[in-house]
Amino acid sequence: MQRKAAFFDVDGTLTTGRVWRGIMDYFQQRGERRLINFLFWARHMPIYVAFKLKLVNQSAFRRPWAANLPTYLRGYTVEEAQAIWDYVVDDYLPPLLRPDALDLTRQHKQAGDLVVLVSAGPTPLEERIAAAVGADLAVGTDPEVVEGRYTGRSRGPVCMDEYKALLTLDKLNALGIEVDLDASHAYADSAGDVGLLEMVGHPVALHPDAHLRLIAEARGWRIME
């Protein structure tokens, strides 16, 4: 039997800021991974500058950033990394959560809809966020694990752009969950989420950036502030 679902982007949609910064904050608070942090910023700052100068688009900036974020996890066991996810969700995340977006997740839950978080962040973190906000499932970018330890690399594509929809559908199929996409909703804030919004019959630009606002207006999608 098919269910209706509500798909939510995380950064900028459920939150006012970037959740991945909480991973960096975890290590900075402890004075750990300083070299990794320096090399990460040195590697990605030129892309960030190019993005700010409008020389590259948002996807070109964010994709390598998300793909390389597991660098911070290198050498950690899956069990050891749980402390990172707990810190981000319990200590870093609460001030960033948008009450109106959380209300929407609760409304969909009360209506019996499947609530799914879909984000470019590491899948274990997105699953921890999903548990905290009462979502049923989470889809993210998978960090590679070999013999129980994170390698520092991503496995598979970054959950952005067209892959937001593809990875979400793959997960639903793998779990044997049938969803009526035409009757479902999706909520997102940026142009990198267009693939997710196109996947459903009821796309909603929630707190959209300027680019997504233009797309939503042109396509007649609902816009919520």
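Residues numbered from 1 in each chain as written. Predicted model: local features only at pLDDT ≥ 70, side-chain atom pairs only at ≥ 80, totals over all residues. Heavy atoms only, no water.

Participant: Would you take a moment to explain unusual backbone geometry for this structure?
Facilitator: Glycine aside, residues mostly have negative phi angles, and peptide bonds mostly take the trans form. Residues other than glycine seldom take positive phi values, yet Asp161 does so here, at roughly 50°. Take Asp161: it is sitting in the loop between strand 4 (149-155) and helix 7 (162-174). In this structure Asp161 comes out as buried when scored by relative accessible area, which is 13%. The backbone of His207 sits at a positive phi, close to 50°, despite the residue not being glycine. Assignment of secondary structure puts His207 in the loop between strand 6 (202-206) and helix 9 (210-219). (Helix = DSSP H or I, 4+ residues; strand = E, 2+ residues; numbered from the N terminus. Buried < 20%, exposed > 50% of the residue type's maximum accessible area, 1.4 Å probe, protein only.)

Participant: Would you take a moment to explain the packing of helix 1 (residues 21-30) against helix 2 (residues 34-52) for this structure?
Facilitator: When two helices pack together, their arrangement is given by the angle between the helix axes and by the axis-to-axis distance. Orientation of helix 1 relative to helix 2, taken along the N-to-C sense of each, is 145°, at an axis distance of 10 Å. Only Asn37, Phe40 and Trp41 of helix 2 make contact with helix 1, whose side of the interface consists of Arg21, Met24 and Gln28. Taken together, the residues of the contact of helix 1 with helix 2 break down into three nonpolar, two polar and one charged. (Axes fitted to C-alpha atoms, helices over the stretch in contact; angles between N-to-C directions. Contact = heavy atoms within 4.5 Å. Nonpolar A, V, L, I, M, F, W, Y, C, P; charged D, E, K, R; others polar.)

Participant: Even after reading the chapter, I still don't get the sheet that holds strand 7 (residues 222-224), so can you show me in this structure?
Facilitator: In sheet architecture, strand pairing relies on hydrogen bonds along the backbone and comes in two forms, parallel and antiparallel. Pairing in this open sheet of seven strands is mixed, and the strands run 4-3-2-1-5-6-7 from one edge to the other. A strand with exactly one partner marks an edge of an open sheet, and here the two such strands are strand 4 and strand 7. Across the sheet, the mean angle from the axis of one strand to that of its neighbour is 30°, orientation sign disregarded. Relative to strand 3 (residues 137-146), strand 2 (residues 114-122) runs parallel, the two sharing four bridges. Bridge pairing links Leu117 to Ala138 in strand 3. Packing of helix 7 onto the sheet brings it into contact with strand 1 (5-8), strand 2 and strand 3, and relative to strand 3 it is tilted by some 90°. Its contacts with the sheet put helix 9 on strand 5 (185-188), strand 6 and strand 7, and the angle it makes with strand 7 is roughly 145°. (Pairing = 2+ DSSP bridges.)

Participant: What should I look at first to understand the layout of surface pockets in this one?
Facilitator: A probe as big as a water molecule, rolled over the atoms, marks out the empty space that is left. Reported here for the largest pocket is a volume of approximately 380 Å³. What lines the largest pocket is a set of 22 residues, among which Arg18, Trp20, Phe61, Arg62 and Trp65 lie closest to the centre. Residue assignment for the lining of the largest pocket shows that the elements contributing at least two residues are helix 2, helix 3 (58-68), strand 2 and helix 6 (123-133). Within the lining of the largest pocket, the residues separate by chemical class into 13 nonpolar, three polar and six charged. (1 Å grid on protein atoms, 1.4 Å probe; cavity = no way out; pocket = protein on both sides within 12 Å on 5 of 7 lines; lining within 4 Å. Points joined across faces, edges and corners; volume = space filled by probe spheres on them.)

Participant: What's the story with the nonpolar core in this structure? I'm lost.
Facilitator: Across soluble globular proteins, nonpolar side chains show a tendency to be buried alongside one another. The biggest cluster of nonpolar side chains holds 41 residues, and the ones touching the most others in it are Ile23, Ile84, Leu117 and Ile129. Here this core gets six residues from one element, more than from any other, and that element is helix 4 (residues 78-92). (Core = buried A, V, L, I, M, F, W, Y, C linked by side-chain atoms within 4.5 Å.)

Participant: How do you make sense of the pattern of salt bridges when you look at a structure like this?
Facilitator: Where charged atoms from two side chains of opposite charge approach closely, those side chains can pair. Summed over all chains, the structure comprises 13 salt bridges. In this structure, Arg106 engages Asp103 in a salt bridge whose closest nitrogen and oxygen atoms are separated by 2.9 Å. Of this pair, Arg106 and Asp103 both sit in helix 5 (residues 99-110), three residues apart, which is roughly one turn of the helix. Arg106 sits in the partly exposed class, given a relative accessible area of 44%. Asp103 sits in the partly exposed class, given a relative accessible area of 38%. Here Glu198 makes a salt bridge to Arg219, at a shortest N to O gap of 2.5 Å. (Salt bridge = Lys/Arg side-chain N within 4 Å of Asp/Glu carboxyl O.)

Purely geometric numbers; function is a separate question.
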